[in-house]
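# Breakdown of the fold
So you can see what is in the structure, the chains are spelled out below.
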Amino acid sequence: MQTNFLSQQFNAGSLAENSTACPANATICDGTSCVLPEDNFNQTLSVVLSTVLTIMLALVMFSMGCNVELKNFLGHIKRPWGIFVGFLCQFGIMPLTAFLLSLAFNILPIQAVVVMIMGCCPGGTASNVIAYWVDGDMDLSISMTTCSTLLAMGMMPLCLFIYTKMWTDSDAIVLPYDSIGLSLVALVIPVSFGIFVNHKWPSKAKIILKVGSIVGAVLIVLIAVVGGILYKGSWIISPKLWIIGTIFPAAGYTLGFFLARIAGLSWHRCRTVSLETGMQNTQLCSTIVQLSFTPEQLELMFTFPLIYSIFQLLFALLILGGYRLYRRHRVKTKTDVEKTAQKEDSKSSAKINGGFVSDEMK
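On a predicted model such as this, the values are computed, not experimentally measured, just so you know.

So, about the packing of helix α4 (residues 81–105) against helix α10 (residues 239–262). As a packed pair, α4 and α10 sit with axes 10 Å apart at the nearest point and diverge in direction by 145°. Read as a crossing pair, α4 and α10 show a hand that is right-handed. Facing Val85, Leu88, Cys89, Ile93, Met94, Thr97, Ala98, Leu101 and Phe105 of α4, the residues of α10 in contact are Lys240, Ile243, Ile244, Ile247, Phe248, Ala251, Gly252, Leu255, Gly256, Leu259 and Ala260. In terms of residue class, the contact of α4 with α10 is built from 16 nonpolar, three polar and one charged.

Right, here's the structure in full:
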């Protein structure tokens, strides 16, 4: 049934006694349930906001591309060690973590499946914006996002087949390859234009990058707020899923960072891999869930992608704040060391040359 409907369950006995229990605008009433058409205002608002957010996202990715050097980008493709480490994190660590969390909290099978779907999704584009703000490797960040989205077409079915067999038939999960393809196109085309602009007009690219990074930060928060407004009716959910939604992104960030460090990557690339691992494409997860399950099943786990999105953003902002404080302290300490070294050099040169030493140098 392609048309979206909202289902309201009624007591079968009361319906049998009183047929007026079914609302007048119900489109289907079979004695056990009444199906109501979706609120047109909410549907229109969703379409409008989705269009606006898509355009804004394309502009943000265009600006992120303005920070990518073509030579460095191709270097990551030719020597893909960093991409390979990111691949292990994205399709190795995240699905395994989702599986272990589902077992540890003993959640319902249908809830375990949605946690697994989230763990098998590719990286989200928000990671590129945060990677810029934490001085990550933008060439690696964008190449990882591109490759994970491309590889998701094969790795998502494989991971879901391996991990969800104990809970459901993997054939019951519908993967929207068209959505994955659109995500790939929406990423590659704007970034390609950004790389071209950076190559031809480097000075203009820097201005575009600064504006785009600010817009991107606003966009990330806006997506979270819009999601909360549109799905405000679905916040009644198992406490276990709230806990998993909190632990899961934190585990992704942490494990991704340590695996990258063990693999010998530099600190700024470790930060990049960490963000690419913990930040998932939650919009894709929501699409898969809506295509694969009935309205009754959606009530048990539909909000989980939004919960994950909120906490992945919260932890990313904490990482950003911590890094900014560290960098400020480091720069301040480094400046003090340099000033001390300069004074020592001035003293030593004055003694050697027999020059005058002021009281400030003593």
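Within this structure's numbering, the places UniProt gives as "transmembrane region" (unreviewed entry) are residues 45–63, 83–105, 112–134, 140–163, 175–195, 207–229, 241–263 and 306–326. Secondary structure within residues 83–105 divides into 100% helix and 0% strand; the distance between the first and last C-alpha atoms comes to 32 Å. From the first C-alpha to the last, residues 241–263 spans 32 Å; its make-up is 96% helix and 0% strand.

Looking now at the pattern of salt bridges. A full pass over the atoms with the stated rule returns two salt bridges. Taking the shortest distance from any N to any O, the salt bridge between Arg327 and Asp135 comes out at 2.7 Å. Residue Arg327 is found in helix α14 (residues 304–353), and its partner Asp135 is found in the loop between α6 (126–133) and α7 (138–163); the two are separated by 192 residues along the sequence. Given the relative accessible area of 33%, Arg327 is considered partly exposed. Of the residues examined, Asp135 reaches a relative accessible area of 30% and is grouped as partly exposed. Its salt-bridge partner being Arg269, residue Asp137 comes within 2.9 Å of it at the nearest N-O pair. Of this pair, Asp137 sits in the loop between α6 and α7 while Arg269 is found in helix α11 (residues 267–278), placing the two residues 132 residues apart along the sequence. Accessibility expressed as a relative area gives 6% for Asp137, which makes it buried.

This part covers the environment of His199. Mapped onto the elements of the fold, His199 is located in helix α8 (residues 177–200). Under the relative-accessibility criterion, His199 is labelled exposed at 58%. The spacing of His199 and Lys71 is 128 residues in sequence and 9.9 Å in space, taken between C-alpha atoms.

What counts and what doesn't
- Residues numbered from 1 in each chain as written.
- Predicted model: local features only at pLDDT ≥ 70, side-chain atom pairs only at ≥ 80, totals over all residues.
- Heavy atoms only, no water.
- Axes fitted to C-alpha atoms, helices over the stretch in contact; angles between N-to-C directions.
- Helix = DSSP H or I, 4+ residues; strand = E, 2+ residues; numbered from the N terminus.
- Left-handed = near helix turned anticlockwise from the far one by under 90°.
- Contact = heavy atoms within 4.5 Å.
- Nonpolar A, V, L, I, M, F, W, Y, C, P; charged D, E, K, R; others polar.
- UniProt positions renumbered as here; feature names shortened; annotations may be inferred.
- Salt bridge = Lys/Arg side-chain N within 4 Å of Asp/Glu carboxyl O.
- Buried < 20%, exposed > 50% of the residue type's maximum accessible area, 1.4 Å probe, protein only.

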